[in-house]
Amino acid sequence: MAIADSIRDWVRRGAAAAPRSLGFIVGIVAIVGASTVFMVIAVRTIQRDVSLLHLEIARRAETVITDSMVEHVFGLTQTSRSVARSPADARETLDLFLRDYSEFGRVSLLTPAGRETMRLDRFALVAPDELVDYKNTELFKKVFSGGYYLGPIFFSKGGEPFVSLAAPALSV
């Protein structure tokens with residue numbers, strides 16, 4: 001009889017504990033559900049804020065790049081005018097340009113027919129047989145019609161971004 005009483009007691013306690021266990025499980029499910037909702041809201045907020053940050057960085061970069069381009073086009077224009085005034089000193093003028101504008105890696109001088117007559121390169125020696133004919137390029141067409149050329153961004157072998165700028169060599 002003692003064994004039967006023990007079993008009845010155990011069943012009674014288990015039945016009484018079941019509502020508490022069920023309540024515990026429901027509570028855990030509610031906490032997990034609420035956490036999931038808050039997590040989804042947090043992820044969306046983070047994604048929105050990251051997108052806004054990217055836009056702000058792009059706006060600031062655009063301003064810095066635009067200001068830099070204006071400065072460089074001015075320097076390039078002054079240099080091209082110096083070359084036009086004194087073609088015999090072109091090499092020295094272009095050397096000074098590369099020294100003063102360290103952002104430039106290369107500078108070239110073209111004939112009115114579009115042929116490169118001189119190229120100074122900060123990173124390499126340029127042999128005369130490496131000079132290029134630009135007569136059929138957009139760069140040549142824009143510059144020799146009196147305009148400026150701003151080419152697309154490209155990347156060096158080392159992954160550094162570069163852009164082509166060109167200005168006409170007009171005497172003042």
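Conventions used here
Residues numbered from 1 in each chain as written. Predicted model: local features only at pLDDT ≥ 70, side-chain atom pairs only at ≥ 80, totals over all residues. Heavy atoms only, no water. Helix = DSSP H or I, 4+ residues; strand = E, 2+ residues; numbered from the N terminus. Buried < 20%, exposed > 50% of the residue type's maximum accessible area, 1.4 Å probe, protein only. Contact = heavy atoms within 4.5 Å. Areas by Shrake-Rupley, 256 points an atom, 1.4 Å probe, with all protein chains shown as cover. Pairing = 2+ DSSP bridges. Arc of directions from axis to C-beta. Phe/Tyr/Trp six-rings, centres within 6.5 Å; stacked < 30°, edge-to-face > 60°. Core = buried A, V, L, I, M, F, W, Y, C linked by side-chain atoms within 4.5 Å. Polar contact = N/O pair within 3.5 Å; in protein donor to acceptor, adjacent residues only side chain to side chain. Salt bridge = Lys/Arg side-chain N within 4 Å of Asp/Glu carboxyl O.

1. Some details on the overall build of the protein chain
Argument step 1. A count of helical and extended segments in the protein chain gives 3 helices and 4 strands.
Argument step 2. In the protein chain, the succession of helices and strands from N to C terminus is α-α-β-β-α-β-β.
Argument step 3. Across the 172 residues in the protein chain, those meeting the buried criterion constitute 20%.
Argument step 4. Long-range pairs, those at least 24 residues apart, make up 33% of the contacts in the protein chain between residues at least 6 apart in sequence.
Argument step 5. Total accessible area on the protein chain is roughly 12800 Å²; 64% of this is exposed by carbon and sulfur atoms.

2. What about the pairing of strand 1 (residues 106–110)?
Argument step 1. As paired strands, strand 1 and strand 2 (residues 116–121) are joined by 5 bridges and run antiparallel to one another. The residue of strand 2 that forms the bridge with L110 is E116.
Argument step 2. Joining the antiparallel neighbours strand 1 and strand 2 is a turn of 5 residues, in which G114 adopts a positive phi near 95°.

3. A closer look at helix 2 (residues 90–100)
Argument step 1. Every buried residue of helix 2 is accounted for by A90, T93, L94, F97 and L98. Buried residues of helix 2 fall within an arc of 135° about the axis and therefore sit on the same side. For helix 2, the exposed residues set more than 90 degrees away from the buried face come down to E92 and R99.

4. Examining the packing of aromatic side chains
Argument step 1. Applying the stated criterion across every chain yields a total of 4 aromatic pairs.
Argument step 2. Look at Y101 and F104: their rings are 6.3 Å apart centre to centre, the planes differ by 90°, and that puts the pair in the edge-to-face class. Pair check on accessibility: Y101 and F104 agree, each one buried.
Argument step 3. Arranged with centres 4.6 Å apart and planes meeting at 35°, the rings of F140 and F144 form a pair that is tilted.
Argument step 4. Residue F140 is classed as buried on the basis of its relative accessible area, which comes to 11%.
Argument step 5. Linked through ring pairs, F97, Y101 and F104 together constitute an aromatic cluster.

5. Side note on the nonpolar core
Argument step 1. Among the nonpolar cores identified, the biggest contains 15 residues, and L94, F97, F104, V107, L109, M118 and L120 are the most heavily contacted of them.
Argument step 2. Every element with two or more residues in this core is listed here: helix 1 (2–85), helix 2, strand 1 and strand 2.
Argument step 3. In terms of residue count, helix 2 provides more of this core than any other element does, 4 residues in total.
Argument step 4. With 7 residues, the next largest nonpolar core counts L110, L139, F140 and V143 among its residues.

6. A closer look at the side chain of R119
Argument step 1. Take R119: it is sitting in strand 2.
Argument step 2. A distance of 2.9 Å separates the side chain of R119 from the side chain of E116, its partner in a polar contact.
Argument step 3. Within the local environment of R119, its side chain forms a polar contact with the backbone oxygen of E130, the two atoms lying 2.7 Å apart.

7. Re the environment of Y134
Argument step 1. The residue Y134 is located in the loop between strand 2 and helix 3 (138–143) in this model.
Argument step 2. For the pair Y134 and R115, spaced 19 residues apart in the sequence, the C-alpha separation amounts to 5.9 Å.
Argument step 3. Excluding residues that lie within four positions of it along the chain, Y134 makes contacts with L110, G114, E116 and F140.

8. Topic: the pattern of salt bridges
Argument step 1. Inspection of the entire model under this criterion finds 5 salt bridges.
Argument step 2. The partner of R99 in a salt bridge is D100, with the nearest N and O atoms 2.8 Å apart.
Argument step 3. A relative accessible area of 48% places D100 in the partly exposed class.
Argument step 4. K135 is the salt-bridge partner of D133, the closest N and O atoms lying 4.0 Å from each other.

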